[in-house]
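This is what each chain is made of:
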Amino acid sequence: MELVIGTKRWSTWSLRPWLALKRTGAPFTETLVGLRQDEGRTEAAILPHSPSGLVPALKDGDLTVWDSLAICEYLAEKFPQAKLWPADPALRALARAAASEMHSGFQSLRGECPMALDVEPKVTAISEATQKNVRRIVTLWSSLLKRSGGPFLVGEWSIADAFYTPVATRFRGYGIHLSDYGDDGACGAYATRLLATPEFLEWEAAARVSL
């Protein structure tokens, strides 16, 4: 398999399936495309790998899957032993709902606080729209952690956690204290756990020296 990803410092969409693929333990080739190039060069560099002209894209034989959530779903089916979704049907449904909400929502947080692993954390004043996103994330995380008992959103690590790992980098990078948004400490501890997984630490270390 080959996973085509964008600049590790910035590409949240690439990080998510990369974490899931790492969790499978399957060998894969990583192809890195530099983002934010001038004059359409980024899209031109991606198009040979991805029909959408966007990263990530997973190649498995003659199959190309070009959406981060679709890639994760494919990996969950291809490697059931990796348990990328919980076995419990209710928790699995909730995990999918949480991942899908991240996949399609929280636009203000994304736009105002982009992932930037190459800069030092700083305290940033955020808009009301972004504050609303943060409050929703705290509510979501709190309810799932309470239901599952942790340590991750639905118990053991899952695709849902892959989708919220970039969010944890944003909270850290922009000095967003979840206790200001209704967190009793559980969400902050969960964000810390996300950023301490071996897979994320490997990605972050590479981000500091690569594209």
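On a predicted model such as this, the values are computed, not experimentally measured, just so you know. (Residues numbered from 1 in each chain as written. Predicted model: local features only at pLDDT ≥ 70, side-chain atom pairs only at ≥ 80, totals over all residues. Heavy atoms only, no water.)

Peer 1: How do you make sense of the environment of Ser104 when you look at a structure like this?
Peer 2: Looking at where Ser104 falls in the secondary structure, it is placed in helix 4 (residues 89-104). Relative accessible area serves as the criterion here: at 51%, Ser104 is assigned to the exposed category. In the structure, Ser104 is positioned 28 residues away from Ala76 in sequence and 20 Å away in space, judged by C-alpha atoms. (Helix = DSSP H or I, 4+ residues; strand = E, 2+ residues; numbered from the N terminus. Buried < 20%, exposed > 50% of the residue type's maximum accessible area, 1.4 Å probe, protein only.)

Peer 1: What is the right way to read the packing of aromatic side chains from this model?
Peer 2: The way to describe two aromatic rings as a pair is by their centre distance and the angle between their planes. Overall, the coordinates contain five aromatic pairs when judged by the stated rule. A ring pair is formed by Trp18 and Trp203, whose centres lie 5.1 Å apart and whose planes are at 65 degrees; its orientation type is edge-to-face. Placement of the pair is Trp18 in helix 1 (residues 12-24) and Trp203 in helix 9 (residues 198-207), with a sequence separation of 185 residues. On the accessibility criterion, Trp203 (0% relative accessible area) is buried. Ring centres of Trp141 and Tyr190 lie 4.8 Å apart, and the angle between their planes is 80 degrees; this geometry places the pair in the edge-to-face category. With Trp141 in helix 6 (residues 128-148) and Tyr190 in helix 8 (residues 186-194), this pair connects stretches of sequence that are 49 residues apart. Under the relative-accessibility criterion, Trp141 is labelled buried at 0%. Residue classification places Tyr190 among the buried positions, given a relative accessible area of 0%. The structure contains a cluster of three or more aromatic residues connected by ring pairs, namely Trp141, Phe152, Tyr164, Phe171 and Tyr190. (Phe/Tyr/Trp six-rings, centres within 6.5 Å; stacked < 30°, edge-to-face > 60°.)

Peer 1: Sorry if this is basic, but what is going on with the nonpolar core here?
Peer 2: Considering soluble globular proteins, one finds that nonpolar side chains tend to be buried as a cluster. Ranked by internal contacts, the top residues of the largest apolar core, which has 60 residues, are Trp141, Tyr164, Phe171 and Ile176. Going through the elements one at a time, strand 1 (2-6), helix 1, helix 3 (68-78), helix 4, helix 6, helix 7 (159-173), helix 8 and helix 9 are the ones with two or more residues in this core. With eight residues, helix 7 is the single largest residue contributor to this core. Once you skip the residues sitting within four places of it in the chain, Phe171 turns out to touch Leu109, Val134, Ile137, Trp141, Ile176 and Leu178. Membership of the second largest hydrophobic core comes to five residues, among which are Val4, Ile46, Val55 and Ala57. (Core = buried A, V, L, I, M, F, W, Y, C linked by side-chain atoms within 4.5 Å. Contact = heavy atoms within 4.5 Å.)

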